[in-house]
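Structural overview for review
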Amino acid sequence: MHIIQCPYCGPREEVEFTYGGQAHIARPENPEALDDAQWADVLFMRDNPKGIFAERWMHAAGCRRWFNALRHTVSHQILATYRMGEAPPAPDTLEEASR
Amino acid sequence: MTGPDRLRDGGLIDRTKPVTFTWNGRVLGGYEGDTLASALLANGVHLVARSFKYRRPRGILGHGTEEPNAMVQTGDGNRTEPNPKATVVPLVEGLRAKSVNTAKGGPESDPRAGMGMLSRFMPAGFYYKMFHGSQTMWQRVWEPIIRQAAGWGTCPTEPDPDTYDHMNLHCDVLVVGGGPAGIAAAREAAKSGARVVLADEQERFGGRLLDRPRNLDGLPGHGWADREVAALAEEAEVTLLPRTTVFGYYDHNLLCALERRTDHLAEAPSHVTRQRLWHIRARRVVLATGAHERPLVFADNDRPGIMLASAVAAYVHRWAVLPGREAVVFTNNDGAWEAAHLLKKAGAPAVTIIDSRPKVSDALKRDAEQAGITVKTGHAVTGTRGGKRVTAALVQPVNADGTRVNGPAQTLACDLIATSGGWSPVVHLFSQSRGTLTYDDTWACFRPGVAVQPQASVGACNGTFGLAETLAEAAEAGVEAARAAGFETAAPAPAPSVEAPEATPPVPLWLVPADTAPGRGGKWFVDFQNDTTAADILLAVREGFESVEHVKRYTLAGFGTDQGKTANINALAILAGTLGRPIPEVGTTTFRAPYTPVTFGAMAGRNLGDRLEPQRLTNIHDRHVALRAAFEDVGQWKRPWYYPKAGEDMHAAVARECKATRDSVGVLDASTLGKIDIQGPDAAEFLNRVYTNAWTKLAVGRVRYGIMCGEDGMVFDDGTTARIDENRYLMTTTTGGAAHVMDHLEEYLQTEWPDLRVRLTSVTEQWATVAVAGPKALEVVKRVCPDDAMAPADFPFLSWKTATAAGIPARIFRISFTGELQYEINVPWHHGADLWDAVMEAGKDFDITPYGTETMHVLRAEKGFIITGQETDGTQTPFDLGMDWIVSKKKPDFIGRRSLFRPDMQRPDRKQLVGLKPEDPKVVLPEGTQIVEPGALNRPPPVPMLGFVTSSYHSPALESGFALALIAGGRDRLGETVEAALPSGPVTVRLHDPVFYDAEGARRDG
Amino acid sequence: MTRYSIWSLARNALTWHENWPRYWRSPDPRPEYDVVVVGGGGHGLATAYYLAKEHGITNVAVVEKGWLGGGNTARNTTIVRSNYLFDESAALYELSLKLWEGLSRDLNLNVMLSQRGVLNLAHTLGDVRAGRRRAEANRLNGIDSHWLEPDEVAKVCPILNMSRSLRYPVLGSTWQPRGGVARHDAVAWGYARAADARGVDIIQNCEVTGINRNGDRVTGVETTRGTIRAKKVAVVTAGHSSVLAEMAGFRMPISSHPLQALVSEPIKPVLDCVVMSGAIHVYVSQSDKGELVIGAGIDSYNSYAQRGSFHVIEGQTAALVELFPMFSRLKMMRSWGGIVDTCPDASPIIGKTPVKGLYFNCGWGTGGFKATPGSGYVFAATVANDEPHPVAAPFALDRFTTGALVDEHGAAGVAH
C-alpha cells in the first residue's frame, strides 16, 4: 500500500486516492481535425513503461484534487508529485532508490 | 506431575496452575505455560499425525512456527479451527484438540496406511502421468478419491461467533521479534524518545533466550528479557505487542501484523476481539526475526521421535519435558551438542552424538565424554527403524565430505533422534521487502544482502549467530534506526555480560548417504508436510525441471502451511547438488506473505454485513419501512421497490401502484437521485461541453434533459439540469451513477479545462425529493403549497420555482418520468419525512398511492424513457437509443462527439432501441431474452441474435405485456414480427415504437 | 515421446523411476527459425504446439526470459469457463473450452481439468438482468449456461450465505456446469512437452532484448543468448506486451496492473464449485489439494512488480467471509501477485501488427488462463496463414480505430 504525497494535503494512504493513468495527455483542441487512427491514439493508446511513469492521481477522500506523480512501476517508489498544469521535475532532481 | 515425561523441576511453566485438556478424546494434563506440543510430549505422546500422501506416522518435529507435521484441529462447533500447529497452540484449561486428516480415533491406526505400500507408484507428479485417458473417469472416479484424501482439518459449519478488528499505527521504529536482538534494538531506539513498537509472536518476550540456558548480566536469559521488557514498558512512547506476528512487509514500509488476543485465555471476555490485524507504517524497521534450525535429510527421517535438536533443547529447558530416554543427536555442527548435554542432565540414561564431521574440537568432545555422552564423529544416521515411534538408528561411517558411506551400519536402539543441519536465518520479511539475499558459504545459509526499504536486519536473521555479537549489532541498529527516524541519539549502552557457548558454523551435509540411493529404499523426507522426498527432487531434475520454481511446483516442496520453513533450503541444496551447480546460482524461491497463516476473519475485520458497504437511507426511509416496502439496492442506496399490501405479490402491488398513478395520484421518494450544484460564470459553457445538447439558451427558471457520453461516445448517464440563476445550475444524475458523474465532471474541469470558472458541489444529501404524479397531482400539490401558483398554465412543464411546501421552503420542478402531470418537490433533507407526511395527508382524498422503483420503471417504459444502465451497457450511442434529437448539430465539440463519427458507429445494423409487443398480451418476456429472426431457432447453435430485451413489464394501462429492446437495425423494421427466444420455445413479438403510451404527450399537463 | 500411462508408471516403478525421460529438451538456440514465439507461458507454448500440430510448422523456438510457465500461468486462480456475453467472445472461449475438454488426452498428460461448474452471482436487480441476458445469449450460442433462481443456487452451493439480510443478497446466478478449474502448471508443462516432442525448441533463461526488422518486416529477435533470425515472430508476453511493442516501435492500448490472489490452508472438501461475485469482488474455488483459491479485481495503478496493495486482498477477504461466514476461522496461507495486460474493452488483442511478420497476442486482462488452448489455437493459425483465424478476427488491433470494440466490461460484470 502506497503512501502518496498529495501536493495539497501532504502524505496520505493510498486508499484515499483514485488512479487516473497516464499524465500529460491533453485533450485535442479540435478533435474533428483528427482522423480515426489519430483519435484512436487519443482514446486508447497509452504509455505503459516499465520504469518511471508520469501518472495522475486524485485525492478522492481528501481535497478531491487531481495531481500528477512520477512513480516507478517496478519499485513503486514515488519520486515526485506535482500539481496539474505543472511540468514534471527534471530527472536530475529526482532521488531514485537503488532500484 | 502432568505426564510421565515431565521433569520433576525446572522449566518456565507455572506448576501451580495445572491445566486439563483433551487430545483425540483422551483427557490429559499440563501446566500453564505449556504449548499443546509440550503438554503432549510430557504425556509421552509423540505420534500426532499421519502424512499427506503415504500416511506415515508423524510426530512433533519443532517447537514453533516452523513445525511441518503437528497440525491439529482445536475447539468444537462454531469455534473449531483447522490446522493450527500444536507447537504454537497455547495450552488453556478445557482445550480440545485432535489430529487432522486421520481416522476418528486419531493417528494410531489408519485405514489408509496401505498407501505407504503403494508409494513406489506415487512419485512426484504421478498424477500428471495417469488418469488422462478419460475425462469422465478422471472426474467421476480418480479426482474424488484424491480430493477426499487431501486437505487437513475441517472447516467450521457455522458462522464464526468471534469478532476481529483492524488497527492502524504509525511509528518511528518497528522492531520485529522480541528475542535478545529485538529487545536490545528496541531498548536503544526507545532511549531517543522515538515511538517504538516491539512485536513478538510469542506470549512471552525473550525468543531463544527462553529455550536454552543462557546468562546475561548474571541473570538467566528469561530473567534478563523480563527486566529489559519491563523497562521498555515504562517508556511512554513504546508499544509492546506480544502474541503478534508481523506477517507481511509491503511497499513504503507498511508491515502487517496479526495479534492473537483471546486464544490464550480459557474464558475470553466478550468485548475483546479475537484477533486484531495491525497496519503498521514505520519510518524504520529493525528485523530481529531469528533463525530456524533445519533437519538433516537422511533415510526415513520422519518417524515420531525424530525432532530438531533445538526443539529437544527447548522442550527440556523451557517446558521441563524429557522427550526421550535413549537419545541420538545427529548433527553437523557444534550447537546441537547442547541438546545432548541438556538431555543427559535431565536424566536421559543413554545419549549418543553422531556427528558427520570427521573432526570436532577437543574441548567439545571432552565435555561430552565427561558428561557421559557417547560420541561418534565421521558417522551419520543413515536410516531408522520404528513404527509409531522411532526405535533405532542405523549408524554408519561416512567419508569426509559426507557423500558416501564407507563402512557397515550398526543398529543403535533409541527413542529419540535430535537432528540439526545448521540454521537458516528467517529472511522472509526481508525478502518480502524486496531485499536481495546473499549466500553465506561459511554458515551455509542465505542472509540479507542489499536492502531496498529503510530497514536493518540484526542477529540470527542477519546471519549473526553469536549472542554477544547479536546484542552489539542490535543495539547499534536500534540507535541508528532512531537516528534515521530523526531523533537525537547517543552511543549504545555497554552490552550485558554474556555466558553462552561460542557460535560456530556447520559443515554442510545436505543429503545424508546410505547403502542405497534415494528412491531405491527408504525415504529421505525434505518437506514433511507434503511428503516430498529427496528422490522426488532427483526425479524432477531427471525429467528436466531445473529451475528451483519448477522443482518446487513439481514436487510441492515448500507448498505447505509451514511454507517450507524447514524444507526450502534442503530442497534447494539437494537440487543444486544434483545439478552440480553452486547453491546461490540455483537461487531461492520467492518468500511470499504471510509469514504464518492469517485468519480470514481478521483480514475482513469489521468490514462485514452493513459495513461491507455503507448503506445510504433517505430521510423518508422510516415511512417506507412503516408501509412495509420491499427494498431494492441501487448503488449504496436502499430504495423502495414496491409496497405490497396484505396478500399482494410484487405483480399485484405494481399493477395497483401503476393504475393509481395513471388514474389518480402516486408518490415516489426520489431523494436518491444525484444532485450537483454547478456554479460559476462558465457554467453554461461547461454544460455545453459535457452534455450532447446545447445549454447556452436555457433561461433561468427552466429545466432541460441531457445525456452525457464518455469520450468514447457511449451514453453513461442522463438527467435533468435546471438553471437556478444566471451562473448557477442544478444537475440531477441517476441514483447509481451520481458519484461517477461527479468524478467525471471534476476530472474534466481540473485536468482539461482549468480555465473554466466553474465550481461543483454534490448536494444529493442536501435535498429530499418527493415526486407527486398523476391526474390528481395538481390537487395534492395545491393543498401542500396553498400560497403558490401550481397550475400548468402558471407553472409550465420543464420549469422550476421556489415555493413553500407544508410550511417548508422548497424548490419544485415540473418534470415527469411517468408521462403524467408531475411535481418534484425538493426540501432540505431533514424535512423530507415532514414533506412526505404532508403530501400523504393532502392526497388522502385521492387515495394517494406510494409507488416504488418497479412501478416507476413500468410507467417510464410505457413512455419509452430509457434508464441508463438498463437500456444501456456502455456500448450505446445516443443515436442507438433513437435520441438523435438530443445531439447538437451546431456545437463543434462535446465529450464523446468525435467518437460518434467512427466507422463502427455508422453501421446500419447497430443495435437500436425499439419497443416489443408480444402477439399474446398475456406474455411478459423475461428481461435479457434474446431476439431472433423467425424460424432461426430451428437451426442448431450458434443462433444469430438480433438483440435482446432490456426492459419488460406487464402494463395495466395497455392491458398487455410490452418491452423495450435493442435490436440490430431495429428502427427500420417497426411493425415486423420477430421471435423472442424463451427457454420454453419461441414467442412471436412485433417491433413497436418505443413509446407505447400517450405518444402525443397530452397527459404531462394533466 | 514416452507415453504416460498407468502402465508406464508401473514399469518405471520397477526401476525406481530412474529412467523417465525429460519433459522437454534444453537446446541452445539455433541461428534461425521459421517462427520464434516470444514468451514461454501457457499461451506461447500452446501457440508453438498448434503451429506444429495443426500447421506442420515445427522449425519453431519458444524463447522465455525465465522459467517456462512462470508468469501469469503460474499465478492465476485457474478458472475455466466460456460463458461470455458477446458472440465474438463466446466463440473464442467456447472453442477454448472444447479444447480443454480433450486436452489431457491430446497432450498425454493430466492437466486435472475439473469441471465442477461456475456460479456467477447476481446481487442487484441490474446484476439479475445482466446475468439472464448473458445466460440467454450463451444458450443460443450453444454454451451450457443457464440462470438459477436463489433456491437453485442454494442447491448447487449449500454453504453459500443466501440470507436476505446480506448487505447485497444473492438474487440468483448464472451457472455453467462445464466450467471449472485446472492445474495451471501442468498446462504449461503439458504443452511444452508435447511441443518439444514435435520438434519445437524451448529455450529458457533467454530474454528478448530487441526485435529486429528490415524496413517494415521483422527479421528476428535479439536475446540475451544472441541473435535469432526468424521469418515470423509471435509475441505472447502477458504483462510485458507494451515493453515488447516498444521494442518493435509501436504502442498498444494496454496498461499493466497487479492482480493478486491467495490460498487458504488445505482443508477437507467443503466447496464443490467455483463461485464468482462481481458485485462484491471475490471469486473462490477449492483445489484438489484442499486449498481455497481466492481472487478479486486488479490493483488500480500501473505496475510491473508482481505485487499489489494489502487493502485489496483485505477487501476481497471481507467479501469472501460475507458470502461464506463459516470461512472466517480459516487462514490465508500464501498470497501472490501477477501482472496483467488490461485492454480498454476487457477483450484480448490477437493478430497482426504494423510490422510484417510480427504478431501479438495480448491484453487478456484477468481472463487469460481459461483461454490458453483457444488462444494458442487461433494465434497459431493467424501466424501460420498470415491472416486472422476467423475466431480471432474480431480481436484485431484495428478495432480501436473503427470502434468495433468487444466491450465485455459492463456485460461480464465480473473480474474473471
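Residues numbered from 1 in each chain as written. Chains lettered and ligands numbered in written order. Predicted model: local features only at pLDDT ≥ 70, side-chain atom pairs only at ≥ 80, totals over all residues. Heavy atoms only, no water.

Going by what an unreviewed UniProt entry lists, chain C is known as Sarcosine oxidase subunit beta and is assigned to Caenispirillum salinarum AK4. A UniProt comment under Subcellular location (unreviewed entry) is attached to chain C, and it reads "Cytoplasm". UniProt annotates chain C under Sequence similarities (unreviewed entry) with the comment "Belongs to the SoxB family." (UniProt positions renumbered as here; feature names shortened; annotations may be inferred.)

An unreviewed UniProt entry annotates chain B as Sarcosine oxidase alpha subunit originating from Caenispirillum salinarum AK4.

The next thing to look at is the overall build of chain B. Secondary structure summary: chain B contains 21 helices and 51 strands in total. At 38 Å, chain B has a C-alpha radius of gyration far larger than the 30 Å of a compact globule built from 1006 residues. Expressed as a percentage of its 1006 residues, the buried residues of chain B come to 63%. Summed over all atoms, the accessible surface of chain B reaches about 35900 Å², with 52% contributed by carbon and sulfur. Looking at chain B, you have 108 positive and 120 negative side-chain charges, and the mean spots of the two groups are 4 Å apart. (Helix = DSSP H or I, 4+ residues; strand = E, 2+ residues; numbered from the N terminus. Rg over C-alpha atoms; globule rule 2.2 N^0.38 Å. Buried < 20%, exposed > 50% of the residue type's maximum accessible area, 1.4 Å probe, protein only. Areas by Shrake-Rupley, 256 points an atom, 1.4 Å probe, with all protein chains shown as cover. Lys, Arg positive; Asp, Glu negative; His and termini not counted. Charge placed at Lys NZ, Arg CZ, Asp CG, Glu CD.)

It is worth spelling out the UniProt feature "domain: SoxA A3" (unreviewed entry) in chain B at this point. Feature annotation in UniProt places "domain: SoxA A3" (unreviewed entry) on residues 522–606 of chain B, given in this structure's numbering. Secondary structure within residues 522–606 of chain B divides into 45% helix and 8% strand; the distance between the first and last C-alpha atoms comes to 50 Å.

With that settled, the discussion passes to the sheet that holds strand β45 (residues 849–850) of chain B. Residues and elements named next belong to chain B. Read across the sheet, six strands follow the order β42-β43-β44-β41-β35-β45 without closing on themselves; strand pairing throughout is mixed. The outermost strands of the open sheet, each flanked by one partner alone, are β42 (800–805) and β45. Across two bridges, the pairing between strand β35 (residues 666–669) and β45 is parallel. Among the inter-strand pairings, Gly666 is bridged to a residue of β45, identified as Thr849. (Pairing = 2+ DSSP bridges.)

Moving on to the sheet that holds strand β22 (residues 390–397) of chain B. Residue and element names in this part refer to chain B. Strands sit in the order β21-β22-β23 across an open sheet of three strands; the sheet is antiparallel. If you trace the sheet from one side to the other, it starts and ends with β21 (379–386) and β23 (410–413), each paired once. Averaged over all neighbouring strand pairs, the angle between strand axes comes to 30°, with direction disregarded. Bridging between β21 and β22 involves seven bridges; their strand directions are antiparallel. Bridge pairing in β22 links His379 to Pro397. (Axes fitted to C-alpha atoms, helices over the stretch in contact; angles between N-to-C directions.)

This part is about the side chain of Arg318(B). All names here are of chain B. Tracing the sequence through the fold places Arg318 in the loop between α5 (309–317) and β18 (326–331). Since its relative accessible area comes to 9%, Arg318 is described here as buried. A distance of 2.7 Å separates the side chain of Arg318 from the side chain of Gln202, its partner in a polar contact. (Polar contact = N/O pair within 3.5 Å; in protein donor to acceptor, adjacent residues only side chain to side chain.)

Residue position: Val321(C) is located in helix α9 (residues 310–323). Through-space distance from the C-alpha of Val321(C) to that of Gly374(C) is 34 Å; in sequence the pair is 53 residues apart. Setting aside residues up to four positions removed in sequence, Val321(C) forms contacts with Phe600(B), Ala604(B), Leu608(B) and Ser328(C). (Contact = heavy atoms within 4.5 Å.)

In this section: the interface of chain C and chain B. On the chain B side, the residues contacting the 100 residues of chain C number 119 residues. Of all residues in chain C, the largest losses of buried area upon contact with chain B belong to Leu140(C), Arg167(C) and Arg329(C), amounting jointly to 10% of the total for that side. Summed over the shared surface of chain C and chain B, the number is twelve salt bridges. A salt bridge links Arg133(C) to Asp873(B), with the nearest nitrogen and oxygen atoms 2.6 Å apart. One can count 66 residue pairs in polar contact (both at pLDDT 80 or more) joining chain C with chain B. Considered class by class, the residues forming the side of chain C that touches chain B number 47 nonpolar, 25 polar and 28 charged. Relative to strand β16 (residues 331–342) of chain C, strand β32 (residues 598–599) of chain B runs antiparallel, the two being bridged by two bridges. In the strand pairing of β16(C), Thr599(B) is matched with Lys331(C). (Buried area = accessible area lost by both parts, 1.4 Å probe. Salt bridge = Lys/Arg side-chain N within 4 Å of Asp/Glu carboxyl O. Nonpolar A, V, L, I, M, F, W, Y, C, P; charged D, E, K, R; others polar.)

On domain assignment, one finds that chain B holds domain 1 (1–152), domain 2 (164–291 + 425–499), domain 3 (292–423 + 504–586) and domain 4 (861–889 + 905–1004). Just the C-alpha atoms count here: the centres of domain 1 of chain B and domain 4 of chain B sit 62 Å apart. (Domains from an automatic or database assignment.)

Once that is clear, we can look at the pattern of salt bridges. All chains considered together, the criterion is met by 104 salt bridges over all chains. One salt bridge in this structure joins Arg1003(B) and Glu820(B), with 2.8 Å as the shortest N-O distance. One end of the pair, Arg1003(B), is in the segment after β51 (985–992); the other, Glu820(B), is in the loop between β43 (808–813) and β44 (822–828), with 183 residues separating them in the sequence. Residue Lys356(C) pairs with Asp216(C) through a salt bridge whose shortest N-O separation is 3.0 Å. Of this pair, Lys356(C) sits in the loop between β17 (349–352) and β18 (358–362) while Asp216(C) is found in the loop between β9 (208–214) and β10 (217–223), placing the two residues 140 residues apart along the sequence. The exposure class of Asp216(C) is partly exposed, given its relative accessible area of 38%. Counted as one network, the salt bridges with shared partners bring together Arg56(B), Arg58(B), Asp300(B), Asp302(B), Arg303(B) and Asp531(B).

Pro594(B) follows Ala593(B) through a cis peptide bond whose omega is 0°. Along the chain, the position of Pro594(B) falls in the loop between α13 (583–586) and β32. A positive phi angle, close to 65°, is found at His76(A), a residue other than glycine. Here His76(A) shows up in the loop between β5 (66–72) and β6 (78–83). Of note, the phi angle at Arg55(B) is positive, near 60°, even though the residue is not glycine.

What follows covers the UniProt feature "domain: Rhodanese" (unreviewed entry) in chain C. UniProt annotation of "domain: Rhodanese" (unreviewed entry) refers to residues 35–79 of chain C when read in the numbering used here. Span residues 35–79 of chain C is 31% helix and 20% strand, its end C-alpha atoms 30 Å apart.

Let us look at helix α3 (residues 180–191) of chain B. All names here are of chain B. Taking 1.5 Å of rise per residue, twelve residues should cover 16 Å, and α3 covers 17 Å from first to last C-alpha, within 8% of that figure. Burial of α3 is extensive: ten of the twelve residues sit out of reach of the surface. Considered for burial, the residues of α3 that qualify are Pro180, Ala181, Gly182, Ile183, Ala184, Ala185, Ala186, Glu188, Ala189 and Ala190. Where the residues of α3 are buried, they touch β8 (164–176), β9 (196–199), α4 (221–234), β12 (238–241), β15 (275–287) and α9 (467–484). (Expected span 1.5 Å × (residues − 1).)

Here the focus is the interface of chain A and chain C. Every contact between the two is made by 23 residues of chain A and, on the other side, 25 residues of chain C. For the chain A and chain C pair, buried surface summed over both sides reaches about 2100 Å², with 54% attributable to carbon and sulfur atoms. Contact with chain C buries surface across chain A, with Phe44(A), Met45(A) and Asn48(A) losing the most and accounting together for 33% of the total. The interface formed by chain A and chain C includes one salt bridge.

Here the focus is the nonpolar core. Counting 166 residues, the largest nonpolar core has Trp23(B), Leu36(B), Leu343(B) and Trp100(C) as the members making the most contacts within it. Among the elements that take part in this core, helix α7 (residues 184–197) of chain C stands out by supplying eight residues, more than any other. The contact partners of Trp23(B), leaving out residues within four places of it in the chain, are Leu28(B), Leu36(B), Leu40(B), Val45(B), Val48(B), Val72(B), Ala97(B), Lys98(B) and Ser99(B). By size, the runner-up hydrophobic cluster in this structure holds 50 residues, among which are Leu148(C), Leu262(C), Ile280(C) and Ile294(C). (Core = buried A, V, L, I, M, F, W, Y, C linked by side-chain atoms within 4.5 Å.)

Here we come to the side chain of Thr855(B). Residue and element names in this part refer to chain B. In this structure, Thr855 sits in helix α21 (residues 853–862). A distance of 2.8 Å separates a polar atom in the side chain of Thr855 from a polar atom in the side chain of Glu657. Ignoring any residue separated from it by four or fewer positions in sequence, one finds Thr855 in contact with Val654, Glu657 and Cys658.

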